[in-house]
Amino acid sequence: MPIRPLRWEDDALWLLDQRLLPAQERWLRFDAWPGVVAAIRDMVVRGAPAIGIAAAYGMALAARAGERNEASRGLAASRPTAVNLFWALDRMARVTPWTAGSALAEARAIEEEDRAMNRAIGRNGADLLKPGSRVLTICNTGGLATSEHGTALGVVRTAWERDRDLFVIACETRPRLQGMRLTAWELMRDGIPFRLVPDSAAASLMRAGTVDFVIAGADRIAANGDTANKIGTYALAVLARHHGIPFAIAAPTSTIDPSLETGDAIPIEHRGEEEVTTFDGVRLAPEGCPVLNPAFDVTPGSLIDWIVTERETMPAPFDFRKPSPV
Ligand code: MRU
């Protein structure tokens, strides 16, 4: 069974509660859009493409309730960085005539298209990986972060399906531990060999020559290739360049935001202090400890060797100002 974070069933959106994984696989039912806003904000569902799909189904629920404008505003305010959310809301805004049936059909189409895009990203990106590659990645960019299969982890998955000769180094991804909880879970389910490592181990692993390739997902890519992704991605790109290791980003074209010239304009989400001061609900930092918790950073396009989309594998330098002819 493929790993999926959501499904539409019994006239409702069902989300796998990713906050509980891997300890529990609990599905939550949403039959009204405000619940979907809260689920995106609280990271029941997370990962740029999955957030976009969930938002589209949120709009389908809003269509049924006759609350189109309120829902669109509410969903747009749920999380700021992943542009797939706004891309999906924009697509839903163009649905005519606006009926419960047509809105649901569009949400389903967005989900289905994402499924096909991830497979294509996987095929394109897998061509970059030589058999036997040791691939370092961050966060969770797998089935859980998309409709199914994944983006950066989808590349790993496709390469594994091809010749079963690959090794993954999964960074734990402080502070929400998407690498430890979600990527490790996905890799174990697929039987892909890997080691989970603390984020801070990346530098010495690269220096020791145990990393051949770094691949990450994206939450928003500016016109010049600057890429917002999970906090820590920028550090990996700097390290990869220093050690002469290729660094790739894998994302659907819905993650590209050509309206922003550079990454400086990408809004970076700051999340709650408790994500940093506590561990599994237990407070470890001193009471009153001041905290900074940016959830994303921006990797300059100049540090990225390849951007893999469903259409192509683009080598640097990047320029997304013009619409692609493909
Ligand atoms: O805060 P999250 O877990 O939503 O962040 C997810 C990431 O940063 C992923 O790398 C990105 O969305 C790409 S997911 C295919």
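Residues numbered from 1 in each chain as written. Predicted model: local features only at pLDDT ≥ 70, side-chain atom pairs only at ≥ 80, totals over all residues. Heavy atoms only, no water.

**Quick word on the layout of surface pockets**
If you add up the space inside the largest pocket, you get close to 520 Å³. Lining the largest pocket are 17 residues; nearest its centre among them are Arg19, Arg176, Arg181, Asp280 and Gly281. Only helix 7 (178–190), helix 10 (274–277) and strand 12 (278–279) provide two or more residues apiece to the lining of the largest pocket. Considered class by class, the residues forming the lining of the largest pocket number 8 nonpolar, 2 polar and 7 charged. (1 Å grid on protein atoms, 1.4 Å probe; cavity = no way out; pocket = protein on both sides within 12 Å on 5 of 7 lines; lining within 4 Å. Points joined across faces, edges and corners; volume = space filled by probe spheres on them. Helix = DSSP H or I, 4+ residues; strand = E, 2+ residues; numbered from the N terminus. Nonpolar A, V, L, I, M, F, W, Y, C, P; charged D, E, K, R; others polar.)

**Some points on empty space enclosed by the protein**
Within this structure, the stated rule accounts for 5 cavities of 30 Å³ or more. Taken as a whole, the largest cavity spans an internal volume of roughly 190 Å³. If you trace the largest cavity, you find 22 residues lining it, with Arg46, Gly47, Ala48, Asn140 and Asp219 closest to the centre. At the level of elements, helix 2 (48–65) and strand 9 (227–230) are the ones that each hand at least two residues to the lining of the largest cavity. Grouping the amino acids of the lining of the largest cavity by side-chain chemistry returns 10 nonpolar, 8 polar and 4 charged. Size it by volume and the second largest cavity reaches roughly 50 Å³. Lining of the second largest cavity is provided by Pro49, Gly52, Ile53, Asn84, Trp87, Ile110, Asp114, Met117 and Ser254.

**What to know about the site of the ligand**
Every one of the 18 residues lining the ligand counts as a neighbour, but Arg79, Gln178, Asp219, Asn229 and Lys230 are closest to it. Taking Arg46, its side chain carries an N or O atom lying 2.9 Å from an oxygen atom of the ligand. For the ligand, an oxygen atom lies 2.8 Å from a polar atom in the side chain of Asp219. Computed on the free molecule, the ligand has an accessible area of 410 Å², of which 99% lies beneath the protein chains in the complex. Most atoms of the ligand, that is more than half of them, are within 2 Å of grid points of the largest cavity. At the level of secondary structure, the elements contributing two or more residues to the shell around the ligand comprise helix 2 and strand 9. There are two domains that each give the shell around the ligand at least three residues, and those are domain 1 (6–118) and domain 2 (128–315). (Near = heavy atom within 4 Å. Polar contact = N/O pair within 3.5 Å; in protein donor to acceptor, adjacent residues only side chain to side chain. Areas by Shrake-Rupley, 256 points an atom, 1.4 Å probe, with all protein chains shown as cover. Sits in = over half its atoms within 2 Å of the grid points. Domains from an automatic or database assignment.)

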